[in-house]
Amino acid sequence: MKRPMAVTGACAVLSLAAFLLLGTGIAIVTAIVSAVGLVLCPLFKNRENRSVVSACLVTVICSFIWLTLYDAVVYKPAESLCGNEVTVEGEIIAEPYRAYGQYYTVIKTETINGEKQKVKIRLSSNSSQNIEPGDKITCTVKPYLLIDSSGKNKADGIFIGGYMRDGAKIESGDKFSLSRITYKVRNYLLSNISYALPGDEGELLKGMLLGDKTGVPEEINESFRHVGLSHLFAVSGLHLSIWVGLFSYIKFKDGRLKILMRIVLSFFILFFMSITGFTSSVFRAGVMTLVFLAGQTFGRKADGINSLGLAAVILCLINPYSCLELSFLLSFSATLGILICYKPIENFAEGVQCRFNEIPGKIIKWIITVGAVSISASIFTFPVSSIAFGEISAVSPFANIIVPSLGAVSMISGGLAAAFPSNPIFFFITKPLFLLCGIINNFIIKFCMWLGGLEFSHFRISGENAAVICAGIMVLFAVTFMFKNYQRVLPLTLSLCLLFAVCTEISEIFLRANTLEIIVCDSGENPCVVLSDGKSAVIMGTGSSYNSETSIDKALSSAGTDKINAIAATKYDNIANVESLASEYDIPIVINSSANELLSGETDVLNVGTNGESVEFSKKVKAEFYSDFTVITYNNFRALIAYNSEGKISSIPGSEKGYNLLICSEKPPADYENFGFSYIIVTCDEDYFDENKGEIYSINGSKAVTGEMGNITVFAQEDGSFRIRRSV
């Protein structure tokens, strides 16, 4: 077998991803089938085929065993803590940060309720704590399961969170621990950048150099995404190769000095990985570079795809949940695309060069070669990015020809300048370097804002189904062009694309059949809920957040429809917002359950009372309107939207039947515990997190918060069952 680690890595990632997405039942069946297949492997006459199939089946079985053990040893003990108040003692292992109006940090416990138990917990509080990595902390928390859309927390082994009260006991830890040293170095670099480049240019440098984009304005983030340059904020092979490339200029003739230089470079790579947080992307790049250096030392040529497989295996061994992390998928798919597609594109460029005169031919070849990395990465990352972000960048190849090269110069000049102390003695070195960095970053920001603002710069993909189809077609074409005689394979590829699209549409019909999507929008304190059957939608409430329309756009896109039949307004909604949404989305009917008169307009108004009057949206879906509540019924599934925490659920006729889901703003009604909700979704802002309210949302070990954190979709079935998914 030519590439054993590549085969093993691919099988490990695919099998673990399938097990985690499809559940334990499918995992057990797959493991049994693989075991049977392994027994039958000797029947293969071809030795090469037998070894490849055997390796794949063994990897699938080992992946199942490893995931089962990991769940039993790591995940289940953490999950068992949910819903119970516990006293934890441990060490802070991550840099504190602020997001969504909250302060977060991560601890690794040493004891829980006085007994030794090691669990990672993400702590949150409504006030800043004077803490840093390496400090010891003792506090009382009530853990809850984290909903993790991008997979980052699970990839870091963090499955639960807890609210930290102000009375937490904090002690300074070992000053020379690895976590403390890396934190100090990282903080030193960040503070020097902030001092020298206090504007957006400095925030951009922090994002590119160290992956810290917390200070990058949302409009810049959005423009980078539109032009396909989000990868500049994910520290990976591009960033590591820049610094390793600087070392390559140091030449030694003596063999022993060469080995010493590689050892020093290896330690630098490990240190760089630590100060950037050991993310999946930088870990992948680090492992591949270390394998390359080891190959040079022992006189062996490292195979890129084999090294990539090795990095995947190591990450999955550390944590099998890594395979579903967004940065893991983007990093590995981009690298695989470059390793597979770059050479054919380069050969194509050489063929084009031969058709032109010397100077024009060289220019054309240079343009194609420079864009080859971007094109190669884009082909393989498209399936992941299109589904995760729901959009395609039309200008990505052009942007990636210009910006990364400038970004490399910016990172080198800014990184070298940040390494010097912010002391006037060194200004003759740091000032010119920071000035160069600032000029380049200013150009990058303006260029991306301009390019991303063009109407044709990016296209949104309507619905997840369309994203899957586009992704599948791109993969099929990518595989096709790997063949030398791809012209012969092209008709088969077109047929497979058509078959894939038809099968995906048919499967979507079956998956969405008898399913009601209840999408709780990121809308601030007042709930905004989109009900969809996949063909049309109804909006319940308008929310209070400035980004309600954006959240509704995302909800409609994920539901695969742009048709809105009606919008329901309550007394807690701003009537101007209702009219604005009705006009924006051309909604034919407004259901008015408020005491307010709607403004004049072309939209029909259906006035309903608040004493249980109901409106049927379809044969199976209806809504009942009350003063402080709306009840959504879908056969045996019942959801309650609460607009006022002072209202009593017991005042609603038929409440004794119970409810499956509660959607509320900030604080649930006082008597919510009497009705056995299996899930609560809170549409709140940072006020939710104050000390007196911070823990009441843990019910049966489940918790979900949408305030400024993305939409949440509930897939409800007629029998009352449902599942939850948070959008990215």
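Scroll up a little and you will see the structure.
Quick caveat: nothing in here was measured; it's all calculated off a predicted structure.

A separate point is unusual backbone geometry. It is generally the case that most residues other than glycine have a negative phi and that most peptide bonds are trans. Residue Asn113 is not a glycine yet carries a positive backbone phi of 55°. Counting through the fold element by element, Asn113 comes out in the loop between strand E3 (102–112) and strand E4 (115–116). Taking relative accessible area as the criterion, Asn113 reaches 48% and is therefore assigned partly exposed. With a phi close to 55°, Asn635 is a non-glycine residue in the positive phi region. Checked against the element boundaries, Asn635 lands in the loop between strand E20 (629–634) and strand E21 (637–642). Using a relative accessible area of 37% as the deciding quantity, one classes Asn635 as partly exposed.

This model, assessed by the stated rule, comprises 11 salt bridges. A salt bridge links Arg180 to Glu132; the nearest nitrogen and oxygen atoms lie 3.2 Å apart. Taken together, the positions of Arg180 in helix H5 (residues 178–196) and Glu132 in the loop between strand E5 (120–125) and strand E6 (136–141) put the pair 48 residues apart, joining distant regions of the chain. Using a relative accessible area of 5% as the deciding quantity, one classes Arg180 as buried. Notably, a salt bridge pairs Glu624 with Lys622, separated by 3.7 Å at the nearest N-O pair. With relative accessibility at 13%, the residue Glu624 sits in the buried group.

Let us look at the packing of helix H10 (residues 280–297) against helix H12 (residues 326–353). At a closest axis distance of 8 Å, the pairing of H10 and H12 adopts a crossing angle of 40°. Overall, the two elements H10 and H12 adopt an arrangement that is oblique. Here Ser280, Ser281, Arg284 and Met288 of H10 come into contact with H12, specifically with Ser327, Phe328, Ser331, Phe332, Thr335 and Leu339. Here the residues of the contact of H10 with H12 sort into four nonpolar, five polar and one charged.

Moving on, we come to a nonpolar patch on the surface. Together, Ile28, Ile32, Val36, Val39, Leu40 and Leu43 make up an exposed nonpolar region whose accessible area comes to about 590 Å². Mapped onto the secondary structure, Val39 falls in helix H2 (residues 24–40). For Val39, a relative accessible area of 63% puts it in the exposed group.

Attention now moves to the environment of Gly541. Considering the arrangement of structural elements, one finds Gly541 in the loop between strand E14 (537–540) and helix H18 (548–559). Residue Gly541 is classed as buried on the basis of its relative accessible area, which comes to 0%. With 33 residues separating them along the chain, Gly541 and Asn574 place their C-alpha atoms 9.3 Å apart. Other than its neighbours up to four places away in sequence, Gly541 contacts Pro527, Cys528, Ala568 and Asp573.

Residue position: Lys116 is located in strand E4. Separated by 27 residues in sequence, Lys116 and Glu89 have C-alpha atoms that sit 9.4 Å apart. Residues within four places of Lys116 in sequence aside, it is in contact with Glu110 and Thr111.

The next point concerns the side chain of Arg180. Reaching out from Arg180, the side chain makes a polar contact with the side chain of Glu132 at a distance of 3.2 Å. The contact partners of Arg180, leaving out residues within four places of it in the chain, are Glu132, Pro133, Gly134, Asp135, Ser172, Gly173, Asp174 and Lys175.

About the thresholds
Residues numbered from 1 in each chain as written. Predicted model: local features only at pLDDT ≥ 70, side-chain atom pairs only at ≥ 80, totals over all residues. Heavy atoms only, no water. Helix = DSSP H or I, 4+ residues; strand = E, 2+ residues; numbered from the N terminus. Buried < 20%, exposed > 50% of the residue type's maximum accessible area, 1.4 Å probe, protein only. Salt bridge = Lys/Arg side-chain N within 4 Å of Asp/Glu carboxyl O. Axes fitted to C-alpha atoms, helices over the stretch in contact; angles between N-to-C directions. Parallel < 35°, antiparallel > 145°, perpendicular 65-115°, else oblique. Contact = heavy atoms within 4.5 Å. Nonpolar A, V, L, I, M, F, W, Y, C, P; charged D, E, K, R; others polar. Patch = residues over 30% accessible without salt bridge, like charges linked within 9 Å, V, L, I, M, F, W, Y side chains within 5 Å. Areas by Shrake-Rupley, 256 points an atom, 1.4 Å probe, with all protein chains shown as cover. Polar contact = N/O pair within 3.5 Å; in protein donor to acceptor, adjacent residues only side chain to side chain.

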